[in-house]
Amino acid sequence: MTTVQLILLDHVVALLGVASWIASGVTAALRRSRLALGLFGGAVLVTLARVATVAALSTRGWWFAQEKVLLGLPMLGVAGLAAVLLAGPRLLAARRTPGEALPASGLVALFTAGFAALAGLAVTFLAGYPLTWSTALVAVAAVYAGALLAGRVAATPAAAGAEASPAPALSRRRFLGVAGGVVAVGAGGTGVGLLFRAPASVVTGGGPAAAGGGATVSVTDLRGPGTPAAGGTTVRHTLTAGTGTVTLPSGREIDAWAFDKRLPGPAITAAEGDLIEVTLRNHGIDDGVTLHWHGYDVPCGEDGAPGATQSAVTARGEFVYRFRADQVGTYWYHTHQTSHIGVRRGLYGTLVVRPRDAGRAEELDLTLPVHTFDGTVVIGDQEARTVHTARPGASVRLRLVNTDSVPHRFALAGAAFRVAAVDGRDLNQPGEVREVELRLPAGGRYDLVLSMPDTPVALLLDGDRDGGVLLTPTGDAAGPALPDTAGWPELDLLRYGEPAAVPFDVDRADRHFTIVLDRGLAMVDGRPAFAQTVDGRGYPSVPDQLVAEGDVVRYTVVNRSLETHPWHLHGHSVLIVSRDGTRFTGSPVWVDTFDVRPGEIWEVAFRAGNPGVWMNHCHNLPHQEQGMMLRLVYDGVSTPFSHAGHAG
Ligand SMILES: [Cu+2]
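About the thresholds
- Here the residue numbers are simple positions, counted from 1 along each chain's written sequence.
- Only residues with pLDDT of 70 or above have their local features reported here, since the model is predicted, and side-chain atom pairs are shown and tallied only from 80 upward, although totals for entire chains, interfaces and linings are computed over all residues.
- No hydrogens and no water enter the side-chain calculation; it runs on all heavy atoms of the structure.
- Strands here are runs of E lasting at least two residues and helices are runs of H or I lasting at least four, both read from the DSSP assignment and numbered beginning at the N terminus.
- Each residue gets one of three labels from its accessible area relative to the maximum for its type: buried under 20%, exposed over 50%, partly exposed in between, using a 1.4 Å probe on protein chains only.
- Here, residues are in contact when the closest pair of their heavy atoms is within 4.5 Å.
- Exposure was quantified through the Shrake-Rupley algorithm and a 1.4 Å probe, taking into account, for residues, occlusion by the shown protein chains and nothing else.
- Only strands joined by at least two bridges in the DSSP assignment are considered to pair.
- Axis definition: a line fit to C-alpha positions, over the contact stretch in the case of helices; interaxial angles, taken between N-to-C directions, run 0 to 180 degrees.
- When an angle is under 35 degrees it counts as roughly parallel; over 145 it counts as roughly antiparallel; between 65 and 115 it counts as roughly perpendicular; any other value is oblique.
- Rotating anticlockwise by less than a right angle from the far helix to the near helix defines a left-handed crossing, while the corresponding clockwise rotation defines a right-handed one.
- All residues other than Ala, Val, Leu, Ile, Met, Phe, Trp, Tyr, Cys, Pro, Asp, Glu, Lys and Arg, Gly among them, are scored as polar; the first ten of these are nonpolar and the last four charged.
- Salt bridge, as used here, is a side-chain nitrogen of Lys or Arg placed within 4 Å of a carboxyl oxygen of Asp or Glu.
- Donor atoms are limited to N, O and S found within 2.8 Å of the metal ion, a distance that becomes 3.2 Å for Na, K and Ca. With water left out, some sites might look partial.
- Residues enter patches when their relative accessible area tops 30% and they take part in no salt bridge; the joining distance is 9 Å for like charges and 5 Å for the nonpolar side chains Val, Leu, Ile, Met, Phe, Trp and Tyr.
- To estimate how far a helix should extend, the number of its residues minus one is multiplied by 1.5 Å.
- Every residue gets a pLDDT, meaning the predictor's confidence in that residue, from 0 to 100.

## Overview of the overall build of the protein chain
Next, step 1: For the protein chain, the helix and strand inventory stands at 9 helices and 34 strands.
Next, step 2: Each of the 648 residues in the protein chain was classed as buried or not, and the buried ones make up 53%.
Next, step 3: Put simply, of all contacts in the protein chain between residues at least 6 apart along the chain, 76% involve residues at least 24 apart.
Next, step 4: Split by element, the accessible area of the protein chain, about 26,600 Å² in all, is 58% carbon and sulfur.

Structure follows, in structure tokens:
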């Protein structure tokens, strides 16, 4: 059973527990003794089953079970045991005398077990990992208050039947009720108060804390060089961001935010060693705009992260980005300001850097960014199938770029091919594959290379046999009947290509950070929200990760939630170490975005070699907007910019 299946099973068992405890209380109160006994027995069994599911979850990782082991099950255990002791014998006895009332203590115990089960479930859904004193106090106080309330209701003459209590017992009960209420309110209030404690502002991952007092450099000084490398030239672009209607070649009109009124924005291409100089202007994006060079390890001041490396470019404003094209490969650019809207509506384009040696170039080299506009999927700027001619034997490179917030599935029918590069970085000796599915994370890129056969080749996107890209040796657009690719197995990069040396020992990290992804109640931009959380918090309340230049840094990224999170660190590519404890046995894979699916645990590592203040976030952009972001900060680097409002 996969971890996410186990998580779902545990949710179901927990819900059954809530329902059966409460139902046994209700039926007992209604004097339906036999039914109450049956439900009570069911509740006990479900509670025991819950112990088993939580135990199984904890073997998958403490992060998946912590709040259940430390709070949910103990609360349920105490309340359930009380119910067994107080209500169990009476329910058994009532079998023979149907219609007899259960004493108030028994009813209260049954309901309290239900409240405890419910509180445990609520803690899992609303607070998650890590469990805090605040959460624990609020949950226990809520269950206690529920028990007091149930006690009051059960003690009313109507509920307790004819056996009204004598006056002295009533006044003692009232005193106990008031005292109990004070305790519940006190504990709950303390828990709520603890919520407002300022979190730690920085975590060090086991490495030394900030040097402090030392010389600091500002991100505004971490800018790119002004000249190309020897032999290179300067590639200049001016991109003007604006809003308006853009008409696709098919005639479809898109109400877009776009660079230069084009979807996608102008393709930026350069040769290795060139200087890329892009002037960004804003003519009409009210929220502001920036250019982030996704996957390109630019100097930090060029990174285009509003609130960290610059302020967003406002109306009629301008910012000039300069960096050397010293990484060959397939990348893309997009706004990082209000990006969950801006990128979706069209503020993106591709960045491709080719080797200076033209002899390494393919005969046909296609850059294929995929994007979804209001449900319409386009490849490049085409929603219909596009046809390209390639002579048999020609070398072909297809650069797949996922500019959406969710993964896409690709299939190449009609030819064997290799995945030459992932996220712009070449794989080591990638083998030929055919009839496999390629799952491309949000923000990710694959370079596919093939030798053109003398029959057509089709690139299918998400199994759609009408769209995609057709390569033909004849230029005939009719094309072949395309196969159903739904059953093709997913290519696992865990075992693809050949191993090679890596530049550091992944098992000797200087700092190790754990990033636990979930949903829960948290503050995002100063407002409470049902957020996408990192370690139970939302940006900007997630502590910064501190590193020093030269550190080997390791991340453990855990997904407790039921959604996929494409994790993206700016300014660095990370080496994948393992997924769910299984080490990578193929080529080293360096990525800037990796999909952490529900229940998965990824280990990645990188060398901190690019000083700055870097965003580190989920590239499902609405998730980022809902809090799933933090900063990686180098010791000695400061930023004059601060997060305000809708940065991100
Ligand atoms: Cu996410």
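## So, the sheet that holds strand E12 (residues 376–379)
In any sheet, the strands associate via hydrogen bonds between backbone groups, in a parallel or an antiparallel arrangement.
Next, step 1: A sheet is described by the order of its strands in space; here 6 strands give the open sequence E12-E11-E14-E19-E16-E17, paired in mixed fashion. Every other strand in the sheet has two partners, leaving E12 and strand E17 (425–426) as the edge strands with one partner each.

## Some remarks on the side chain of His-11
Next, step 1: When you line up the elements, His-11 lands in helix H1 (residues 3–29).
Next, step 2: The class for His-11 is buried, based on a relative accessible area of 13%.
Next, step 3: His-11 has contacts with Leu-121, Thr-124 and Phe-125, leaving out every residue within four places of it along the chain.

## Some points on the packing of H1 against helix H3 (residues 62–94)
Next, step 1: Following both chains from N to C, one finds H1 and H3 inclined at 30 degrees, their axes separated by 12 Å at the closest point. When the interaxial angle is binned, H1 and H3 end up roughly parallel. In this structure, H1 crosses over H3, and the sense of that crossing is left-handed. Here H1 contributes Thr-3, Ile-7, Asp-10, Trp-21 and Ala-28 to the contact with H3, which in turn contributes Phe-64, Lys-68, Leu-76, Gly-80, Ala-83 and Leu-91.
Next, step 2: A per-class count over the contact of H1 with H3 returns 7 nonpolar, 2 polar and 2 charged.

## Structural notes on the pattern of salt bridges
Next, step 1: A complete count under the given rule lists 32 salt bridges for this structure.
Next, step 2: Salt bridges linked by common partners bring Arg-354, Glu-362, Asp-365, Arg-397, Arg-399 and Asp-447 together as one network.

## A few points about the coordination of the copper ion
Under ideal tetrahedral coordination, the four donors around a metal are separated by 109.5 degrees; under ideal octahedral coordination, the six donors are separated by 90 or 180 degrees.
Next, step 1: Looking at the copper ion, the protein donor atoms are His-565 (ND1), Cys-618 (SG) and His-623 (ND1), and they sit 2.0 to 2.1 Å from it.
Next, step 2: Each donor residue of the copper ion belongs to the same chain, with the gaps between them written as H-x52-C-x4-H.
Next, step 3: Classification of Cys-618 by relative accessible area gives buried; the value is 0%.
Next, step 4: A residue is classified by how much of its surface remains accessible, and His-623, at 5% relative accessible area, is buried.

## Remarks on a nonpolar patch on the surface
Next, step 1: Together, Leu-81, Val-84, Leu-85 and Leu-86 make up an exposed nonpolar region whose accessible area comes to about 360 Å².
Next, step 2: Inspection of the secondary structure assignment puts Val-84 in helix H3.

## A short note on unusual backbone geometry
Next, step 1: Cis geometry is adopted by the peptide bond preceding Pro-264, which originates at Leu-263 and carries an omega value of -10 degrees.
Next, step 2: Relative to the helices and strands, Pro-264 resides in the loop between strand E4 (253–259) and strand E5 (268–271).
Next, step 3: The linkage connecting Tyr-539 with the following residue, Pro-540, adopts the cis geometry, with an omega of 0 degrees.
Next, step 4: Residue placement: Pro-540 occurs in the loop between strand E23 (527–534) and strand E24 (544–547).
Next, step 5: You will see that Asp-423, though not glycine, has its phi angle at about 50 degrees, which is positive.
Next, step 6: With respect to the secondary-structure elements, Asp-423 resides in the loop between strand E16 (418–422) and E17.
Next, step 7: With phi around 55 degrees, Asp-462 is a residue other than glycine that occupies positive phi space.
Next, step 8: By the element assignment, Asp-462 lies in the loop between strand E20 (457–461) and strand E21 (464–472).

## Let's talk about the pairing of E20
Next, step 1: Among the 5 residues of E20, 5 are classified as buried, and the element is accordingly described as predominantly covered.
Next, step 2: Side chains Val-457, Leu-459 and Leu-461 project from E20 onto one buried face, and the interleaved Ala-458 and Leu-460 project onto a second face that is buried too.
Next, step 3: Here strand E15 (residues 408–413) pairs with E20 via 4 bridges, running antiparallel. Bridging across to E20, Ala-411 finds its partner in Leu-460.
Next, step 4: Here E20 runs beside E21; their pairing, made up of 4 bridges, is antiparallel.

## Things to note about the sheet that holds E4
Next, step 1: Ordered by their spatial adjacency, 4 strands build an open sheet running E4-E3-E6-E8, and the pairing between neighbours is mixed. Of all the strands in the sheet, the pair left with one neighbour each is E4 and strand E8 (318–324). Direction aside, the axes of adjacent strands within the sheet are offset by 25 degrees on average.
Next, step 2: With 7 bridges connecting them, strand E6 (residues 275–282) and E8 associate as antiparallel partners. For Thr-279, the partnering residue across the bridge sits in E8 and is Val-320.

## Side note on helix H4 (residues 104–126)
Next, step 1: Between its terminal C-alpha atoms H4 stretches 32 Å, which fits the 33 Å expected from 23 residues at 1.5 Å a residue.
Next, step 2: Gly-128 occupies a position one or two residues after H4 and carries a positive phi of about 70 degrees.

## What about H1?
Note that an α-helix has 3.6 residues per turn; residues three or four places apart therefore point the same way.
Next, step 1: Helix length check: H1, at 27 residues, gives a terminal C-alpha distance of 39 Å against a target of 39 Å (1.5 Å per residue), a fit within 8%.
Next, step 2: Of the residues trailing H1, Arg-31 is marked for its positive phi of about 65 degrees.

## Some points on the confidence of the model for the protein chain
Next, step 1: Per-chain confidence: the protein chain averages 91 in pLDDT, with 95% of residues scoring 70 or above.
Next, step 2: Low confidence marks residues 160–166, where pLDDT is under 50. Its contacts with residues over four positions away, or in another chain, come to 3 contacts.

## A word on the environment of Ala-305
Next, step 1: Structurally, Ala-305 is set in the loop between strand E7 (292–294) and E8.
Next, step 2: A sequence separation of 12 residues divides Ala-305 from Trp-293, and the C-alpha atoms of the two residues are 9.7 Å apart.

## Concerning the packing of H1 against helix H2 (residues 33–60)
Next, step 1: Between H1 and H2, the shortest axis-to-axis distance is 8 Å and the interhelical angle comes to 155 degrees. The angle between H1 and H2 places the two elements in the roughly antiparallel class. Of the two elements, H1 crosses H2, and the hand of that crossing is left-handed.
Next, step 2: Class assignment for the residues of the contact of H1 with H2 results in 20 nonpolar, 8 polar and 3 charged.

## Structural notes on the environment of Val-401
Next, step 1: Summarising the element assignment, Val-401 is placed in strand E14 (residues 395–402).
Next, step 2: Sequence-wise, Val-401 and Asp-423 are 22 residues apart; in three dimensions their C-alpha atoms are separated by 8.8 Å.
Next, step 3: Discounting chain neighbours no more than four positions away, the residues touching Val-401 are Thr-330, Trp-332, Thr-350, Leu-368, Pro-369, Val-370, Leu-440, Gly-444 and Arg-445.

## Observations concerning the pairing of E16
Two faces, one strand: in a regular strand the side chains alternate between the faces of the sheet.
Next, step 1: Among the 5 residues in E16, 4 count as buried, and that is most of the element.
Next, step 2: When E16 meets strand E19 (residues 445–451), the two strands line up antiparallel, connected through 4 bridges. Residue pairing for E19: Arg-418 is matched across the bridge by Val-449.
Next, step 3: When E16 meets E17, the two strands line up antiparallel, connected through 2 bridges. Paired with Val-422 across the bridge in E17 is Arg-425.
Next, step 4: Linkage of E16 to E17, two consecutive antiparallel strands, is achieved through a turn of 2 residues, within which Asp-423 is found at a positive phi near 50 degrees.

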